[in-house]
Amino acid sequence: MLDIRNLHAKVEDREILRGIDLKVNAGEVHAIMGPNGSGKSTLAQVLAGRDTYEVTGGEILLDGKDLLEMEPEVRAAEGLFLAFQYPVEIHGVSNTYFLRAALNAIRKYRGEPELSAGKFLGYIKEKIQLLGLTPDMLTRAVNEGFSGGEKKRNEIFQMAVLEPRLCVLDETDSGLDIDALKVVANGVNALRSPERAMIVVTHYQRLLNYIVPDFVHVLVNGRIVRSGGKELALALEEQGYGEIEELAGASA
Amino acid sequence: MATPDTLARPEEPLIAGHFSAVADRLPGRGLGWLERQREQARADFRRLGIPTTKHEEWRYTPLRDFSSIDFAPRAIACDVPELASHPIYGIEAFRLVFKNGVYDPDGGLGECPMGVRVLRLADALAQEDPLVRDHLGQYAKAHEHPFVALNTALFEDGVVVHVSRNAVVETPIHLVFASKTSHAPFAAHPRVLIVVEPGAEATVLESHLGFGGVYLSNPVVEVIVGENAKLEHTKLQDESLEAYHIATIDGLQGSDSVYTSNSVQYGAKLGRTDLNVFLNGQNVECWLNGVYVGMGSQLLDNHTRLDHAQPNGNSFEVYKGILDERSNGVFNGKIYVHQDAQKTDAKQTNQALLLSRNATIETKPQLEIYADDVKCTHGATVGQLDAESTFYLRSRGIPEATAKSLLTYAFASEVLERIGNEAVREITERMLYAKLGGGFPA
Ligand SMILES: Nc1ncnc2c1ncn2[C@@H]1O[C@H](COP(=O)(O)OP(=O)(O)O)[C@@H](O)[C@H]1O
Ligand SMILES: [Mg+2]
């Protein structure tokens with residue numbers, strides 16, 4: 001589904017991603033781990049099309065189509081979703097209005113009929129329960145006054161509503177207590193399916209106890225220095241990133 | 001050849017010719033107190049003249065073009081059939097209508113609610129209403145402001161709203177000033193006096209609607225909110241885009257009163273509003289909410305002044321402007337905290353969104369504080385749409401243009417949401433949507 005080849009990206013003349021290769025097939029869950037500042041969020045944002053990051057080399061294909069050629073909204077309509085590490089507060093736009101506008105924009109792109117406000121409410125009902133959103137969170141402005149945990153829950157709620165094919169989760173576990181973490185993980189797991197792929201970015205192994213990955217990649221200094229199965233995450237948890245960083249340093 | 005004497009004397013503004021043109025039809029002739037006010041105002045205007053940009057308060061608001069317009073002292077009668085289908089007519093209210101400054105007996109609606117007297121100013125003067133004598137001209141400063149002077153010298157009609165002590169009036173009082181001219185430019189100077197007696201509560205809506213043509217609308221509104229009284233005063237300025245709207249509102253608040261001013265400005269070629277509120281009592285609450293949207297070459301200027309004169313006063317001021325194309329905004333927000341006004345809490349925010357490289361805003365907060373135990377904050381931001389917010393919306397599938405109009409709309413609607421009357425809120429939101437050209441699903 002997703003094919004990243006030798007991806008290089010820079011920000012403000014500093015190279016952050018220095019040759020990333022990653023293949024993700026439908027049905028798979030890939031975890032990307034790595035120390036702070038290694039470029040995990042940069043990779044996630046480049047996938048979503050944030051123009052602060054300049055891609056200087058390589059390519060990204062989504063089902064064979066050139067992702068880098070697409071506007072962010074087209075990527076979303078093509079089925080990509082990024083759960084932000086730092087969800088943005090949008091003042092003056094209600095959460096429900098926003099999500100319906102997003103869903104209908106995507107439906108329009110796909111040639112499907114738009115949903116009326118009434119139909120939309122019926123459609124999101126189950127997903128509200130799944131993520132335990134309060135009615136208040138739906139009527140308030142997007143992420144405005146939400147706690148850290150509520151923001152993360154809201155991201156996964158949006159994901160559940162938009163039903164993307166490729167989900168990228170950036171530090172969805174940060175700032176969550178264990179109960180909130182379970183709710184979020186539960187929401188994510190409910191979306192796992194043979195047609196859907198996920199990239200779960202995290203600094204800690206903790207989240208991967210609840211969202212069990214098929215593959216784990218370690219990103220250090222803009223490169224994937226190691227890949228393996230879920231046991232790699234556990235090994236990292238025990239040893240920390242120190243050894244692997246040394247390894248990366250030696251090979252750099 | 002001109003003598004040195006005539007060279008030195010500034011030319012008298014054309015509009016001063018109205019003084020003699022309308023003299024014999026002004027209401028309230030024979031009322032000594034009013035005649036003295038009018039005479040003083042004529043002298044004030046002759047002294048002050050039409051301000052140039054050399055005048056500190058008019059630095060960014062040039063009236064050069066304005067000065068050369070030969071306004072007629074009264075409009076040629078003009079039908080305004082558009083008015084009846086205007087959404088503002090859908091508001092449940094007790095309504096009084098003026099067309100081109102002239103009272104329209106067929107435009108009214110509803111029965112005057114209990115607890116309030118609403119009358120034409122001309123009638124109140126004819127009846128020698130003591131309320132008018134006690135208050136009219138006591139708050140608006142003709143000696144300082146040339147357009148207040150013009151209004152005082154020339155007003156022919158207007159409205160008196162008098163809310164009785166302890167009356168709670170649910171039905172809004174709606175004053176509609178509609179203007180339209182397909183002939184020569186004209187000038188109108190409506191005068192409004194709102195007195196809310198102690199313990200009373202009321203809502204007043206002021207709608208200034210234009211339907212084409214060049215004209216000057218120069219309303220002066222004096223507002224007295226008595227002790228423990230509450231007034232929500234919402235003004236919609238949607239004049240025609242060739243028109244001049246130069247308005248003054250002077251408010252005076254008694255102890256424990258709450259005054260909310262909502263000012264929504266979409267229209268006029270040049271719109272200037274001076275809004276002054278004097279917090280003349282303890283524990284006063286004052287809210288100033290403003291939204292203005294400029295397109296084309298519109299110039300929208302807001303001068304606000306709050307005087308905290310007594311202890312424990314709270315004022316919250318939020319003005320937000322959207323400026324597109326070649327439009328210009330001016331915001332000048334003064335807060336004076338007098339020596340006695342300890343424990344004042346004053347918060348002023350003004351934000352402008354510039355949607356084009358040719359749009360400008362001149363913004364100047366001015367705090368003068370003479371008490372030592374006060375909390376005063378002001379913040380001004382000028383900018384473009386937030387790139388992160390735009391990206392967030394786009395990352396969810398919303399196209400860029402839609403995302404931008406949505407954020408622009410949301411920026412201003414945050415202030416419109418503060419309007420207490422739901423119908424007015426919805427109408428001003430719909431008008432905002434239309435003014436911004438739509439662009440996102442309603
Ligand atoms: N917008 C930006 N401007 C400047 N530097 C940035 C920006 N985004 C990321 N960086 C830098 O790029 C590096 C990688 O950041 P990031 O991708 O956020 O790492 P991670 O998510 O792995 O912690 C860091 O050194 C960070 O300071
Ligand atoms: Mg990160």
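Here is a short report on the structure shown in this document. Owing to the predicted nature of the structure, the values given are computational and were not obtained by experimental measurement. (Residues numbered from 1 in each chain as written. Chains lettered and ligands numbered in written order. Predicted model: local features only at pLDDT ≥ 70, side-chain atom pairs only at ≥ 80, totals over all residues. Heavy atoms only, no water.)

**Section: helix H8 (residues 387–394) of chain B**
Under the convention used in this document: Relative accessibility thresholds used throughout: buried, under 20% of the residue-type maximum; exposed, over 50%; partly exposed, between the two (1.4 Å probe, protein chains only). A run of H or I in DSSP counts as a helix once it spans at least four residues, and a run of E counts as a strand once it spans at least two, with each numbered from the N terminus.
The element H8 of chain B is largely enclosed, with a buried count of six among its eight residues. Along H8 of chain B, the positions that sit buried rather than exposed are Ser389, Thr390, Phe391, Tyr392, Leu393 and Arg394 of chain B.

**Section: the coordination of the magnesium ion (ligand 2)**
Quick note on the threshold: Listed donors are limited to N, O and S atoms within 2.8 Å of the metal, widened to 3.2 Å for Na, K and Ca; water is not among them, so incomplete-looking sites are possible.
Every protein donor of the magnesium ion (ligand 2) is accounted for by Ser41 of chain A (OG) and Gln85 of chain A (OE1), and the metal-donor separations fall at 2.1 to 2.3 Å. Taken as a pair, Ser41 of chain A in helix H1 (residues 40–48) and Gln85 of chain A in the loop between strand S6 (80–83) and strand S7 (90–94) lie far apart in primary sequence, 44 residues in all.

**A word on the interface of chain B and chain A**
What counts is decided by this rule: For this analysis, residues touch if any pair of their heavy atoms sits within 4.5 Å. Here the buried area means the combined drop in accessible surface, using a 1.4 Å probe, for two parts upon being joined, counting both sides. For this document, the term salt bridge refers to a Lys or Arg side-chain nitrogen within 4 Å of an Asp or Glu carboxyl oxygen. By the criterion applied in these results, polar contacts are pairs of N or O atoms within 3.5 Å in which, for protein atoms, one can donate a hydrogen and the other can accept it, and in which residues neighboring in sequence qualify only through two side-chain atoms.
On the side of chain A, 32 residues touch chain B, which itself brings 22 residues to the contact. Taking both partners together, chain B and chain A bury about 2100 Å²; carbon and sulfur atoms supply 64% of that area. Sorting the residues of chain B by area buried against chain A places Phe391, Tyr392 and Arg396 of chain B first, and these three jointly supply 39% of that buried surface. Scanning the region where chain B abuts chain A turns up three salt bridges. In this structure, the salt-bridge partner of Arg394 of chain B is Glu73 of chain A, at a minimum N-O distance of 2.6 Å. If you look at where chain B meets chain A, you find nine residue pairs in polar contact (both at pLDDT 80 or more). Of all elements in the fold, only H8 and helix H9 (400–416) of chain B reach the threshold of two or more residues within the side of chain B that touches chain A.

**A few points about the sheet that holds strand S11 (residues 215–220) of chain A**
All names here are of chain A. Counted only if it meets this: Strand pairing is defined by DSSP finding a minimum of two bridges between the two strands. Between N-to-C directions, angles span 0 to 180 degrees; the directions come from axes that are lines fitted to C-alpha atoms, helices contributing only their stretch in contact.
The six strands lie next to each other as S6-S9-S10-S3-S11-S12, forming an open sheet whose pairing is mixed. Both edges of this open sheet fall to S6 and strand S12 (223–228), since each of them pairs with a single strand only. Along the sheet, successive strands turn relative to each other by an average axial angle of 20 degrees, direction set aside. Of the strand pairs in this sheet, S6 and strand S9 (residues 166–170) are connected by four bridges, and their pairing is parallel. Note on S9: the bridge partner recorded for Leu80 is Leu166. Of the strands in this sheet, strand S3 (29–33), S11 and S12 touch helix H8 (residues 231–239), which is tilted by about 45 degrees from S11.

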